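Here's the letter readout for the chains.
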Amino acid sequence: MRRKLSGAVLCASSLLLTLAARPAEFPRSATLQATLDRTGTRVSRRSPRTVEVTLTAAPARLSLVPGSQTDVFAYNGQVPGPTLEAFEGDTVVVHFINQLPEPTSVHWHGLHIPFDMDGSPFHPIASGDSHDYIFTIGAGTAGTYWYHPHPGHNTGHQVAMGLYGAFVVRAVDDPLPASLPERVLILSDNRFGPDGSIDLPARDSHEGRIDAENGREGNVLFVNGRILPTIEIRSGEVQRWRIVNASAARVYRLALGGQTFLHIGSDGGLFERPVEVREITIANAERVELLVRGSGKPGERVMLQALPYDRYIPQTRPSDWNQPRDLLTLQYSSAAPVEAPLIPAMLRPVPAIDTSQATARRVMVLTQGFINGNPMDMKRVDVSAALGATEIWEIENLVGMDHPFHLHGFRFQILDRNGVPEPFRQWKDVVNVPKHESARFIVRYDDYPGKWMFHCHILAHEDQGMMGVLEIR
Ligand code: C2O
Ligand code: CU
Ligand code: CU
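Residues numbered from 1 in each chain as written. Chains lettered and ligands numbered in written order. Predicted model: local features only at pLDDT ≥ 70, side-chain atom pairs only at ≥ 80, totals over all residues. Heavy atoms only, no water.

**Some thoughts on the coordination of the copper ion (ligand 3)**
Distances from the copper ion (ligand 3) to its protein donors, His403 (ND1), Cys456 (SG) and His461 (ND1), fall within 1.9 to 2.1 Å. Site description for the copper ion (ligand 3): donor spacing in sequence, H-x52-C-x4-H. Remark: cysteine 456 occurs in strand E30 (residues 450-456) and histidine 403 occurs in strand E25 (residues 403-407); sequence separation between them is 53 residues. Judged by its relative accessible area of 0%, histidine 403 is buried. Given the relative accessible area of 3%, cysteine 456 is considered buried. (Donors = N, O, S within 2.8 Å, 3.2 Å for Na, K, Ca; no water. Helix = DSSP H or I, 4+ residues; strand = E, 2+ residues; numbered from the N terminus. Buried < 20%, exposed > 50% of the residue type's maximum accessible area, 1.4 Å probe, protein only.)

Structure representation (C-alpha cells):
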C-alpha cells in the first residue's frame, strides 16, 4: 500500500474551511488569519458558509513507531485524521467514503446535530458504501470536538487501528486575542508487536481479558500521532491549547513542570472565567482548552507529563501505573521575551439550565459492563422523553474502577459530584465517574428527536454493551 503523506485534496466551497495539515506539524492555523482583517483586528461579522470536505476511511501503511511500518485504518491517509474546522452557523457537508473491509460510521462526538447524522450504531455504513453527513453548527457551541467510528461492538478495534480526528468549532466573537498561537493536541496511546503491527489480542487471551476489564491501554503515547514531539514557545508568549483525549481508556493527569495552566474550557467550549490550575485530569473522550503561559526563560525546556492516575481495579492495574510519562517537550526559543498579552477575565456567558424546569430524574447505575443491570439492546429504549424536556441524571458508579459516562446529542451541565456542587458551570458531554462515586447533571433535549446513545466511553466497555438508548419524541 502506498503511504500518503498529506491529506487528500479536499474540495472547499469556503475559504474559511480547513482541513488543516497533519496536526503533528503544529502549523499556525491558516483559518485563524481568515477571521482577521488586514490590520489584524478580529472581524466581528461573517456570514455562514458551507464547509465541504471528503473523508475516506481506508487501510493504509504508515510509520507510527521508529523503524517499522504499521498496517492501520486511516482517515484520508493520516493518523490522526485531518482536523476539521468550522464556525458556528456554518453548514458542514462531509462526503464520507468507507473503503474499509468492514462496516463503520462517523460519529461527531459532542456536536448537537440531527439523529440521522449522529453516526451512531443506528446508522452503519457498509464496506464500499458512501454517505453524506450534513449538519449545521449551532450558535454558542464553539469548542473542541472530535470524530471517530461508532459501529456496533467494534468501535475499540477501529479506533485502535487509527480512526479518530479533531473537529474545532470557532466563534466569530471568541473573547480571546486572535493573536494567541493555537495548538490542537490529540492524545492517544497504542501497543505494537515486534514487527510494528498493532497489538490486538484475542478476546479470550490473558491480555484480551485485561483489555476487556481495564479498557485497552498502550505503552506508546502519542501526541498527534507523534512520540514526544516538541512545541516551541517564546518567553512571555501565551498559547491556546485544545486537547482531545482520543485514548480508548487511558486517563491523563496533565502537568507542565511546576507551571500553572489557565483552564479556560472543556468539552463544549469556554467557561465564563479562566481557572488557574496546577494539573488537569482529562478522561477519555473529554476535551480541555488551556492557556499555556511562557513563564520560563529563553532556552529553557519543560516536559508536559501524564502523572499517575489510578482509575483501575487493583487486580488488573498495570504494574507501571504509578510512573509519570512524558508527552511532549515545551522548548523556549532563545529569542528575547515578549510582553504577555492581556487575557480577559470574562470569557463568555454559560447560562444555567434551570433546575426548577426538570420534569424527571433518571438514575443510571454503573457496574462492570452494565448500565442499570442491562447490556445494550438496540431494540430496547431505556429512557424516553419529550422533545424540549429538562431532566436530571444521576450517575452512580458502584464498582472499583472509573467509568467516563457520555451522552450523545445533547450537552449537559454537571450539578454536583458526590453531592459537592460543581464550582463553576461548563458545557459537557462526558463526565468521568470515579470508582464508587456519583455525579449529577442537568440536560435539556433541544431541537432533535431520535434515538441517542449513552454509554461508558471506555471503548472496550462500550463494545461489550455498557450502553443504553435515550429516545426523544
Ligand atoms: Cu465518542 Cu458514543 O461516542
Ligand atoms: Cu458521542
Ligand atoms: Cu466503563
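Still to come is the rest of the account.
**Here we look at the sheet that holds strand E21 (residues 358-367)**
Each strand in a sheet pairs with another by means of backbone hydrogen bonds, the pair being arranged parallel or else antiparallel. The 6 strands lie next to each other as E22-E21-E24-E29-E26-E27, forming an open sheet whose pairing is mixed. Of all strands in the sheet, those with a lone pairing partner are strand E22 (370-371) and strand E27 (420-421), marking the two edges. Pairing geometry for strand E26 (residues 412-417) and E27, over 2 bridges, is antiparallel. By the bridge assignment for E27, arginine 417 is matched with valine 420. (Pairing = 2+ DSSP bridges.)

**A few points about the environment of alanine 283**
With respect to the secondary-structure elements, alanine 283 resides in the loop between strand E17 (279-282) and strand E18 (287-293). In sequence terms alanine 283 and alanine 248 are 35 residues apart; their C-alpha atoms lie 9.8 Å from each other. Every residue in contact with alanine 283, bar those within four places of it in the chain, is listed here: Asn245, Val251, Pro404 and Asn432. (Contact = heavy atoms within 4.5 Å.)

**Some remarks on the pattern of salt bridges**
Applying the stated criterion to the full structure yields 26 salt bridges. Between arginine 250 and aspartate 189 there is a salt bridge; the shortest N-O distance is 2.9 Å. You can see arginine 250 sitting in the loop between strand E13 (238-245) and strand E14 (252-256) and its partner aspartate 189 sitting in strand E10 (residues 182-190), a full 61 residues away along the chain. On the basis of relative accessible area, arginine 250 is assigned to the buried category, the value being 12%. Close ionic contact of glutamate 217 with arginine 250 constitutes a salt bridge, the shortest N to O distance being 3.8 Å. Here the residue glutamate 217 occupies a position in the loop between helix H3 (206-214) and strand E11 (220-223), and arginine 250 occupies one in the loop between E13 and E14, the gap between them amounting to 33 residues. (Salt bridge = Lys/Arg side-chain N within 4 Å of Asp/Glu carboxyl O.)

**What to know about the packing of aromatic side chains**
Within this structure, the stated rule accounts for 19 aromatic pairs. For the pair tryptophan 108 and phenylalanine 167, a centre-to-centre distance of 6.0 Å together with 85° between the ring planes defines the contact as edge-to-face. Of the two residues, tryptophan 108 is situated in strand E6 (residues 107-109) and phenylalanine 167 in strand E9 (residues 165-170); the sequence distance between them amounts to 59 residues. When its relative accessible area of 0% is taken as the criterion, tryptophan 108 is described as buried. On the numbers, 6.0 Å between centres and 65° between planes, the contact of phenylalanine 115 with tryptophan 452 is edge-to-face. One end of the pair, phenylalanine 115, is in the loop between E6 and strand E7 (130-136); the other, tryptophan 452, is in strand E30, with 337 residues separating them in the sequence. (Phe/Tyr/Trp six-rings, centres within 6.5 Å; stacked < 30°, edge-to-face > 60°.)

**Comments concerning unusual backbone geometry**
Residue proline 80 is bonded to the preceding valine 79 through a cis peptide linkage, with omega at -10°. Located in the positive-phi region is asparagine 372, a residue other than glycine, with phi close to 50°. In this fold, asparagine 372 is placed in the loop between E22 and strand E23 (383-385).

**Details of the coordination of the copper ion (ligand 2)**
Protein-derived coordination of the copper ion (ligand 2) comes from His107 (NE2) and His406 (NE2), at a distance range of 1.9 Å. Residue histidine 107 is found in strand E6, and its partner histidine 406 is found in strand E25; the two are separated by 299 residues along the sequence.

**Topic: the sheet that holds E7**
With mixed pairing, 4 strands are arranged side by side in an open sheet as E3-E2-E5-E7. Unpaired on one side and paired on the other, strand E3 (70-75) and E7 mark the two borders of the sheet. Taken over all neighbouring pairs, the strand axes of this sheet differ in orientation by 15° on average, direction set aside. (Axes fitted to C-alpha atoms, helices over the stretch in contact; angles between N-to-C directions.)

**As for the confidence of the model for the protein chain**
Of all residues in the protein chain, 90% attain a pLDDT of 70 or more, and the chain-wide mean is 91. A low-confidence stretch, residues 1-43 (pLDDT under 50), is modelled with 95 contacts involving residues beyond four sequence positions or located in other chains. (pLDDT = per-residue confidence, 0-100.)

**Quick word on the pairing of E10**
Of all 9 residues in E10, 9 are buried; the element is thus mostly enclosed. Burial along E10 is two-sided: the face carrying Glu182, Val184, Ile186, Ser188 and Asn190 and the face carrying Arg183, Leu185, Leu187 and Asp189 are both buried. Relative to E13, E10 runs parallel, the two sharing 6 bridges. Across the sheet, residue valine 184 finds its bridge partner in E13, namely arginine 242. Of the pairings in the sheet, the one linking E10 to E11 comprises 4 bridges and is antiparallel in character. Its bridge partner lying in E11, serine 188 is registered against phenylalanine 222.

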